[in-house]
Amino acid sequence: MEILKFYAAYLAVMCLLAFVLCGIDKWKAQRGRWRVPEKTLFLLAALLGSPGVLLGMYLFRHKTLHRVFRVGVPVILAVQLLLAAAIALYWNFLR
């Protein structure tokens, strides 16, 4: 049960961090300042922050014109959800 608490906390932190960085990047883009690299946002998405990146993209209207983000982040999220479902099935039924 402790592993589930750790996973939930990790997921929450990664999603929040990704969401906040999307907002910061949008703010900086509007002011012509140094930007958060796109690979950093993709890395956060890959490290289970994809819901935060996706929410940040649409709430801040940021990176929504970039096809690589419009397609890539939802694909990352879909793969993560499929893996989570497979793990849950294994854990509950096949173990």
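This report concerns the structure included in the present document.

## Regarding the overall build of the protein
Step number 1: Secondary structure summary: the protein contains three helices and zero strands in total.
Step number 2: Start at the N end of the protein and walk to the C end: the helices and strands fall as α-α-α.
Step number 3: Judged by the C-alpha coordinates and their principal axes, the protein covers about 55 × 25 × 20 Å.
Step number 4: A burial count over the protein gives 29% of its 95 residues as buried.

## Quick look at the side chain of Ser50
Step number 1: Inspection of the secondary structure assignment puts Ser50 in helix H2 (residues 38-59).
Step number 2: Ser50 sits in the buried class, given a relative accessible area of 0%.
Step number 3: Setting aside chain neighbours within four positions, we find Ser50 in contact with Leu44, Ala45, Val73, Ile76, Leu77 and Gln80.

## Some details on the environment of Val68
Step number 1: Examined against the element boundaries, Val68 turns out to sit in helix H3 (residues 67-94).
Step number 2: For Val68, a relative accessible area of 47% puts it in the partly exposed group.
Step number 3: As for Val68 and Phe42, which are separated by 26 residues in sequence, their C-alpha atoms are 9.9 Å apart.
Step number 4: With residues up to four places along the chain from it excluded, the contact list for Val68 reads Phe42 and Val73.

## Section: the pattern of salt bridges
Step number 1: Across all of its chains, the model carries three salt bridges by this definition.
Step number 2: A salt bridge links Glu2 to Lys5; the shortest N-O distance between them is 3.9 Å. On the criterion of helical spacing, the pair formed by Glu2 and Lys5 is a turn pair, its members being three residues apart in helix H1 (residues 2-31). As far as the burial class goes, Glu2 and Lys5 line up, both exposed.
Step number 3: Of the charged contacts in the structure, one is a salt bridge between Glu38 and Lys63, with a shortest N-O distance of 3.0 Å. Here Glu38, found in helix H2, pairs with Lys63, found in the loop between H2 and H3; they are 25 residues apart in sequence, far enough to count as distant.
Step number 4: You can call Lys63 buried: its relative accessible area is 9%.

Cut-offs and rules
- Residues numbered from 1 in each chain as written.
- Predicted model: local features only at pLDDT ≥ 70, side-chain atom pairs only at ≥ 80, totals over all residues.
- Heavy atoms only, no water.
- Helix = DSSP H or I, 4+ residues; strand = E, 2+ residues; numbered from the N terminus.
- Buried < 20%, exposed > 50% of the residue type's maximum accessible area, 1.4 Å probe, protein only.
- Contact = heavy atoms within 4.5 Å.
- Salt bridge = Lys/Arg side-chain N within 4 Å of Asp/Glu carboxyl O.

Taken by themselves, the reported measurements are silent on function.
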